[in-house]
Amino acid sequence: MITVQNISKSFGKNGQQKALTDIHISVNKGELFGLIGPDGAGKTTLFRILTTLILADQGSAEVAGLDVVKDYKMLRKKLGYMPGRFSLYQDLSVAENLAFYASIFNTTIEANYHLIQDIYVQLEPFKDRRAGALSGGMKQKLALCCALIHKPEVLFLDEPTTGVDVVSRKEFWEMLGRLKMEGITIFVSTPYMDEASLCDRIALIQNGHILSENTPAELVSAFKSDLFGVKADKMNDARKSLLDLENVDDVYAFGEFLHVKSNKGTVHQKEIFDHLKSSGFEDIEVLKIDATIEDCFMDLMHS
Amino acid sequence: MTTFIFILKKEFRQIFRDPAILRLIFIMPMLQLIVLPFAADYEIKNIKIGIIDHDHSDYSRTLVSKIENSAYFRLTGYTHTFKEGLQWIEDEKADLVIEIPHRFEATLIRESKADVLLAINAVNGTKGNLGAAYTLGIIQQFNQNIRVEWFQMPEFNPEPMIDVTYTSLYNPHRNYQLFMVPGILAVLLTMVGGFLSALNIVKEKEIGTIEQLNVSPIKKYQFIMGKIVPFWLLGFVILTVGLVISFIVHGIVPGSNIYVLYVFSALYLFAILGFGLLLSNFTNTQQQAMMVAFFFMLIFILLSGLYTPIESMPPWAQVVAAFNPVSYMVEVMRMVLLKGATIKDIWPHIRIIFVFGVVLNFFAIYSYNKTN
């Protein structure tokens, strides 16, 4: 459904600022595909290329079987785009915004109401309120409705959950799940690694390079090292101390734990515990854990 | 076409929902047309005058009372030394000091001539010039009266004289307001047509809605027309409101060929909307657009002949004025409202403003394609 080949894009004079380098991605029809990466990785740039807003310097891309450069006019009818920044008319009401976006695609709210029904029922009580006066979560829902109202084949969502509370985020992902059932291909970007597991397949992006493209499960299973979660009284000193331990590849903070990465079978739980004990740390806790997407990301980033 | 109607609907909805725009459309012309022509007036009144009378004679008192009674002057006070008079000018207590020398009357009678000294603060050149002119006028009249008193005038003037009779055409009372009102109307049209439209487009860029429109099948010309048409119509509303106000307040009766004004305004708005579009292509925030608009507005107004005649500007400024669309609108407004000009009379203006419209809009659309 989406094929990206050799896409590169630079900004600035003489193109010193490399935003994307040699990107390859392919997204299948009906897939919920996640583009995961930190801020500034190039996610939005890739979105803008695929939604025909800017031109790539190199390479080609097809969306819904249409070239993003040559067939951009046709393509615009088939894609829905929800930018990262809320960009609807703040001075128009909820209903007016929706009606306007429906009308410029030559359709009506009624025609595709079934697509947005689940989301719109929550907005309905506020339908005469101006969009600018909605809460953050409601704005996201309205933006999603507006991007969906013309029944796009492919939906591009650029960081839809950034700055949204945990409950709304969860709700939002449930909505995406339902949209997938309708057969809409969804291409979503997010800086939150924990959302990756909700996608069918993901691509990890960093500094304009795709690090990996896989299903979340396979990505995690491709993590070949042992991983330990460690807790002690002085976390920062413990991190430095653990780096001295033989066969330890990497130690990094992860929530309330330190994650200790080592080659498979070279380091044991007890060894870490004893090392910390003998170095004078207290309240030590060492657990053998499974890698998360974020661990994979860290791993790929360093290799 | 239906898409275009939806776009228009949306634009009008937004315009009429914005209280700032509504105020701008109805209150701005009212205030500008009611207040400005009365206030921004070249007739200078309340010139502060200080009097130094060393003579204290009949004649000097007559002269002083004539000056005092004139509507143009306001007396600061009397003093005995020229030094203090100068100090008044220094302290801005007086704009003008008149010194009548000792033995003014006696010298005048004996030698048939006498001196009077005028010291004028010329920081504000116009005020200085006019103050001097008014004073000289009064002194001359005083002079005339003395001559009548002294001589029995012969029945026929022995010197041949040309008697000048004049009539002021188009503005019989040489009323400054009649001159200003049409000009202010032209500026109002420019504000609405050129700058409101530019701000409106830039606003779409600023809040990001233009991206949403760009990924939709809306065509560029539909978007641009959607911005131009509402402000084009608003221009006519402002013009009509302005004409009604100038009729009620200033008694300017638009003649039967008022349609000439509407025809020209239609072309003018087209040109100035192109300018607004051009402006919006090179700015990204409303703040930037505002600052650039302000810069152009100042030049447009000062070099439009609104206040000072273009003919009296230096040649280079006249060249700039020739490239200033506002100057043509100001001129046509005055021609139609004061002289009742016909289409034939303003034909050269129509041709020029049409060229402006084509060129500005061409560049606007060209740069729009390039920057987006």
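Above: the structure in question.
So, how was this worked out
- Residues numbered from 1 in each chain as written.
- Chains lettered and ligands numbered in written order.
- Predicted model: local features only at pLDDT ≥ 70, side-chain atom pairs only at ≥ 80, totals over all residues.
- Heavy atoms only, no water.
- Contact = heavy atoms within 4.5 Å.
- Buried area = accessible area lost by both parts, 1.4 Å probe.
- Salt bridge = Lys/Arg side-chain N within 4 Å of Asp/Glu carboxyl O.
- Helix = DSSP H or I, 4+ residues; strand = E, 2+ residues; numbered from the N terminus.
- Nonpolar A, V, L, I, M, F, W, Y, C, P; charged D, E, K, R; others polar.
- Phe/Tyr/Trp six-rings, centres within 6.5 Å; stacked < 30°, edge-to-face > 60°.
- Buried < 20%, exposed > 50% of the residue type's maximum accessible area, 1.4 Å probe, protein only.

Student: Can you lay out the interface of chain A and chain B for me, pointing to particular residues and giving the numbers?
Tutor: If you look at the interface, chain A gives 25 residues, while chain B gives 23 residues. Where chain A abuts chain B, roughly 2300 Å² becomes buried across the two surfaces, and 57% of that area is made up of carbon and sulfur atoms. Among the residues chain A hides against chain B, the three largest losses belong to A:Tyr89, A:Asp91 and A:Ile104. Together they make up 24% of the total. Taken together, chain A and chain B are joined by 4 salt bridges. Linking B:Arg17 and A:Glu96 is a salt bridge whose minimum nitrogen-to-oxygen distance equals 2.6 Å. Elements represented by at least two residues in the side of chain A that touches chain B include exactly helix 2 (72-78), strand 6 (79-82) and helix 3 (94-104) of chain A. The leading source of residues in the side of chain A that touches chain B is helix 3 of chain A, at 5 residues. Here the residues of the side of chain A that touches chain B are counted per class, giving 13 nonpolar, 5 polar and 7 charged.

Student: Pulling in residues and values, what's your account of the packing of aromatic side chains?
Tutor: Residue and element names in this part refer to chain B. Summed over the entire model, instances satisfying the criterion amount to 21 aromatic pairs over all chains. Where phenylalanine 295 meets phenylalanine 296, the ring centres are 5.2 Å apart and the plane angle is 75°; that geometry is what we call edge-to-face. Phenylalanine 295 sits in the partly exposed class, given a relative accessible area of 48%. Between the aromatic rings of tyrosine 328 and phenylalanine 356, the centroid separation amounts to 6.0 Å while the plane-to-plane angle is 55°, which identifies the pairing as tilted. Taken together, the residues span a long stretch of sequence, with tyrosine 328 in helix 13 (residues 325-339) and phenylalanine 356 in helix 14 (residues 347-371) at a distance of 28 residues. Overall, tyrosine 328 belongs to the buried group, its relative accessible area being 12%. Residue phenylalanine 356 is classed as buried on the basis of its relative accessible area, which comes to 14%.

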